[in-house]
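Here are the chains, one letter per residue:
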Amino acid sequence: MYLSRRSAMIGLGCLTLSACGGVHAPVTRSASSDLPEDLRAIPNPAFNAWITAFRPRAQSAGINTATLNAGLRDVGFTPGVITRDRSQPETKYSLEDYLSIAASDERVTKGRAALSRHRTILNALESRYGVPAQIICAIWGLESRYGERRGNVPVVSATATLAFDGRRGAFFEKQLIAALRILQSGDTTPANLVGSWAGAMGHTQFIPTSYLALAVDFTGDGRRDIWSDDPTDALASTANYLKRNGWTRGTKWGGEIGQPGTPSGSTITPQPGGPSFTVTRNFRAIKSYNNSDLYAIGIGHLADRLVGGGPISGTFPPDRYGLTKSDRITLQEKLTAKGFDTGGTSGVIGPKSRAAITAYQSSRGMPTTGTPSLDLLSSL
């Protein structure tokens, strides 16, 4: 089995939880001048010396001089990728919170539209690779919001900066060499080789080594173009990835126990006191994409919702503050109504909601804890 596309790189098992101040999402694809300040390259003599020392290693790995010159021409030290690499969110999202974002009404609605819009190609991929159209579409939805957030951080600069930093230097130097090999193959240009802050690229966020191993040219134009506005090659590459990592045609990923059509398999309960699920070998295939039970359930559940399935039917226990999801939604709604922006009312208490709570508490002369509570809800 291939190395998990995300676990070695990021180690989170988290989707781009952008609502309510969740996990940092990839930068929306746009001009590089629109990048946050810390994701723009700055002068760094030590980094420049590292690049000079790296060139012979890249040549030994088969990267030719022309590719090195073109690929490294605009490479620069990008401090923001180090900051993000060293400050991964410590908050452990519950399954209930995770699904509130992964299968939000907005993501389901957009996903059904995307599934309909690209039905012909998705059906062709299902026929070729055996992976259901809705599973491919769900991965697309969680990874880049159906292509809306592909990222525009230069991949060479991002991977070079992380290789230079050294915390996971060997891993990111492999990604850097793989990125240069992508350029050498002619699949894209240095200007278009962009992605998220850690080098994940395109509609479904492939890292460079996974791209080299498993990306496919489904359009037949001679390039494996996962960056184009046309998602065909990216979706095909994802289907190929899952097939090569053990996806079995005709088998469901699993499902919530007690629901019609739930297959036989292993039983897991990711959130104590919450619903249980049966999962099959195809659940493990999804985990090869991102080694997280929450991610795999999020993909499977979103996929089911895209083809008419309903929300999770089981109940979840109150959170550590004694609040149910309904309580948290009410808290966010009341804060918002009073002028304290929570960034949304999904029931997920992220940084924006905590900032709103702090501001409200301060305005009322209350202790500024930034944490939700039943007393706070009562005060609202």
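Because the structure is a prediction, the values reported are computed rather than measured.

> Looking at this model, I keep getting lost on helix H12 (residues 281-289). Mind explaining?
Residues spaced three or four apart along an α-helix point in a common direction, a consequence of the helix completing one turn every 3.6 residues. Those residues of H12 not exposed but buried are Asn282, Phe283, Ala285, Ile286, Ser288 and Tyr289. Of the surrounding secondary structure, the elements contacted by the buried residues of H12 are helix H7 (133-144), helix H11 (232-244), strand S4 (266-268), strand S5 (277-279) and helix H13 (293-306).

> Explanation requested: the sheet that holds S5 in the structure shown.
Hydrogen bonds between backbone atoms are what pair the strands of a sheet, whose relative direction is either parallel or antiparallel. Taken together, three strands build an open sheet; the order of strands is S3-S5-S4 and the sheet is antiparallel. Looking at strand neighbours, the two that pair on one side only are strand S3 (254-256) and S4, the edges of this open sheet. Strand-to-strand, the axes of this sheet are offset by a mean angle of 20°, without reference to chain direction. As paired strands, S4 and S5 are joined by three bridges and run antiparallel to one another. If you follow Ser266 over to S5, its bridge partner there is Val279.

> Can you help me understand the pattern of salt bridges in this one?
Side chains that differ in charge, positive against negative, can pair when their charged atoms come close. Using the criterion set out here, one finds 17 salt bridges in the structure. One salt bridge connects Lys287 with Asp293, and the closest N-O pair in it is separated by 2.8 Å. Among the residues examined, Asp293 registers a relative accessible area of 30% and is labelled partly exposed. Taken together, the shared-partner salt bridges in this structure form one network comprising Glu96, Asp97, Asp319 and Arg328.

> I tried to follow the packing of aromatic side chains on my own but got confused; where do I start?
A ring pair, where both rings are aromatic, is described by two values, the distance of the centres and the angle of the planes. With the rule as written, the count across this model stands at 13 aromatic pairs. Arranged with centres 5.8 Å apart and planes meeting at 75°, the rings of Phe206 and Tyr241 form a pair that is edge-to-face. With Phe206 in the loop between strand S2 (194-195) and helix H10 (208-214) and Tyr241 in helix H11, the pair connects residues that are 35 residues apart, well separated along the chain. Through a chain of ring-to-ring contacts, the aromatic side chains of Phe47, Phe77 and Phe164 assemble into a single cluster.

> In this structure, what is going on with the nonpolar core? I would like to understand it.
Side chains of nonpolar character tend, in soluble globular proteins, to be buried together. By size, the foremost hydrophobic cluster in this structure holds 88 residues, and its most contacted members are Leu122, Ile135, Val156 and Leu193. In this view, Val156 contacts Gly71, Leu72, Val75, Leu176, Ala179, Leu180, Leu183 and Leu193; residues no more than four positions away in its chain are not counted. Counting residues in each nonpolar core, the second largest holds ten residues, with Phe340, Ala356, Leu376 and Leu380 among its members.

> Would you explain the confidence of the model for the protein chain in this entry?
If pLDDT is low for a region, its predicted coordinates should not be looked at in detail. Residues at a pLDDT of 70 or more form 90% of the protein chain, whose mean pLDDT is 91. Across residues 7-31 the pLDDT falls below 50, and counting only partners more than four positions away or on other chains, this stretch makes 93 contacts in the model.

> Got a minute to help me understand the environment of Gln271 in this structure?
Note on placement: Gln271 falls in the loop between S4 and S5. The sequence separation of Gln271 and Thr188 amounts to 83 residues, and the corresponding C-alpha distance is 42 Å. The contact partners of Gln271, leaving out residues within four places of it in the chain, are Ser94, Leu95, Glu96, Phe316 and Pro317. A polar contact of 3.2 Å, which involves the side chain of Gln271, links it to the backbone nitrogen of Leu95.

> I keep staring at the environment of Ala124 and nothing clicks. Help me out?
Considering the arrangement of structural elements, one finds Ala124 in helix H6 (residues 119-129). For Ala124, a relative accessible area of 30% corresponds to the partly exposed category. Put simply, Ala124 and Ile139 are 15 residues apart on the chain and 17 Å apart in space, counted from C-alpha to C-alpha.

> Looking at this model, I keep getting lost on the side chain of Ser288. Mind explaining?
Position of Ser288 relative to the elements: it lies in helix H12. Looking at Ser288, its side chain comes within polar contact range of the main-chain oxygen of Ala285, at 2.6 Å.

> Could you clarify how one ought to interpret a positive patch on the surface in this entry?
Side chains of Arg128, Lys243, Arg244 and Arg249 sit close together on the surface and give a patch of like positive charge. Tracing the sequence through the fold places Arg249 in the loop between H11 and S3.

> Sorry if this is basic, but what is going on with the environment of Pro190 here?
Along the chain, the position of Pro190 falls in the loop between helix H9 (169-185) and S2. Using a relative accessible area of 44% as the deciding quantity, one classes Pro190 as partly exposed. For the pair Pro190 and Thr161, spaced 29 residues apart in sequence, the C-alpha separation works out to 16 Å. Excluding its chain neighbours within four sequence positions, the residues that come into contact with Pro190 are Ala70 and Leu183.

Rules behind the numbers
Residues numbered from 1 in each chain as written. Predicted model: local features only at pLDDT ≥ 70, side-chain atom pairs only at ≥ 80, totals over all residues. Heavy atoms only, no water. Buried < 20%, exposed > 50% of the residue type's maximum accessible area, 1.4 Å probe, protein only. Helix = DSSP H or I, 4+ residues; strand = E, 2+ residues; numbered from the N terminus. Contact = heavy atoms within 4.5 Å. Pairing = 2+ DSSP bridges. Axes fitted to C-alpha atoms, helices over the stretch in contact; angles between N-to-C directions. Salt bridge = Lys/Arg side-chain N within 4 Å of Asp/Glu carboxyl O. Phe/Tyr/Trp six-rings, centres within 6.5 Å; stacked < 30°, edge-to-face > 60°. Core = buried A, V, L, I, M, F, W, Y, C linked by side-chain atoms within 4.5 Å. pLDDT = per-residue confidence, 0-100. Polar contact = N/O pair within 3.5 Å; in protein donor to acceptor, adjacent residues only side chain to side chain. Patch = residues over 30% accessible without salt bridge, like charges linked within 9 Å, V, L, I, M, F, W, Y side chains within 5 Å. Areas by Shrake-Rupley, 256 points an atom, 1.4 Å probe, with all protein chains shown as cover. Lys, Arg positive; Asp, Glu negative; His and termini not counted. Charge placed at Lys NZ, Arg CZ, Asp CG, Glu CD.

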